[in-house]
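# Results of the structural survey
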Amino acid sequence: MERVLSSSSGSRDVVSKYLTTCKNMGFDVLELSSGFLSIPTDDWARLSEFTAQHGLKPKSEVGIQWGAGGDASVAELESAGSRDPKWLIDRAQAFINAGAHVSD
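Report on the accompanying structure.

Definitions and cut-offs
- Residues numbered from 1 in each chain as written.
- Predicted model: local features only at pLDDT ≥ 70, side-chain atom pairs only at ≥ 80, totals over all residues.
- Heavy atoms only, no water.
- Salt bridge = Lys/Arg side-chain N within 4 Å of Asp/Glu carboxyl O.
- Helix = DSSP H or I, 4+ residues; strand = E, 2+ residues; numbered from the N terminus.
- Buried < 20%, exposed > 50% of the residue type's maximum accessible area, 1.4 Å probe, protein only.
- Pairing = 2+ DSSP bridges.
- Axes fitted to C-alpha atoms, helices over the stretch in contact; angles between N-to-C directions.
- Parallel < 35°, antiparallel > 145°, perpendicular 65-115°, else oblique.
- Left-handed = near helix turned anticlockwise from the far one by under 90°.
- Contact = heavy atoms within 4.5 Å.
- Nonpolar A, V, L, I, M, F, W, Y, C, P; charged D, E, K, R; others polar.

Bringing the pattern of salt bridges into the picture now. On inspection of all chains with the given rule, the structure shows two salt bridges. Salt-bridge contacts for Asp43 lead to Arg46; the nearest nitrogen and oxygen are separated by 2.2 Å. Pair noted here: Asp43 and Arg46 are both in helix α3 (residues 41-53), with a separation of three residues, about one helical turn. Take Asp43: its relative accessible area is 32%, and that puts it in the partly exposed class.

Following this line, the structure appears as structure tokens:
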């Protein structure tokens, strides 16, 4: 999803085509990763709703560091710091309220 959003400037039509393609290929859960894109929580929650409207279970990521994973070095991750736990809890609640899939 990150690549689709960044390469399409968030075009609703392009995102819809992507979600439809994922559903048609047999996927049932779609991770909405926030590791490399920084968008407002309300927009991310709307993306969760839009994903659910396409028959997929949105799995919205809530992370403590931006840019974690990929090819980031330990030093880069340590220098980035982490987020306030209240921000994480509020963001997770917004995603749940928007219909995010919660796995066990």
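Right, let's get into the pairing of strand β2 (residues 57-60). Here β2 shows a clear split, with Pro58 and Ser60 buried on one side and none of Lys57 and Lys59 buried on the other. One ladder, built from four bridges, connects strand β1 (residues 29-32) with β2; its direction is parallel. Residue pairing in the sheet places Glu31 in a bridge with Lys59 of β2.

Relative orientation of the contacting elements helix α2 (residues 12-24) and α3 amounts to 45°, with a least axis distance of 10 Å. It follows that α2 is oblique to α3 by the angle criterion. Taken as a pair, α2 and α3 cross one another with a handedness that is right-handed. Between α2, through Arg12, Val15, Ser16 and Leu19, and α3, the contact on the second element is made entirely by Leu47, Phe50, Thr51 and Gln53. Of the residues that constitute the contact of α2 with α3, the class distribution is four nonpolar, three polar and one charged.

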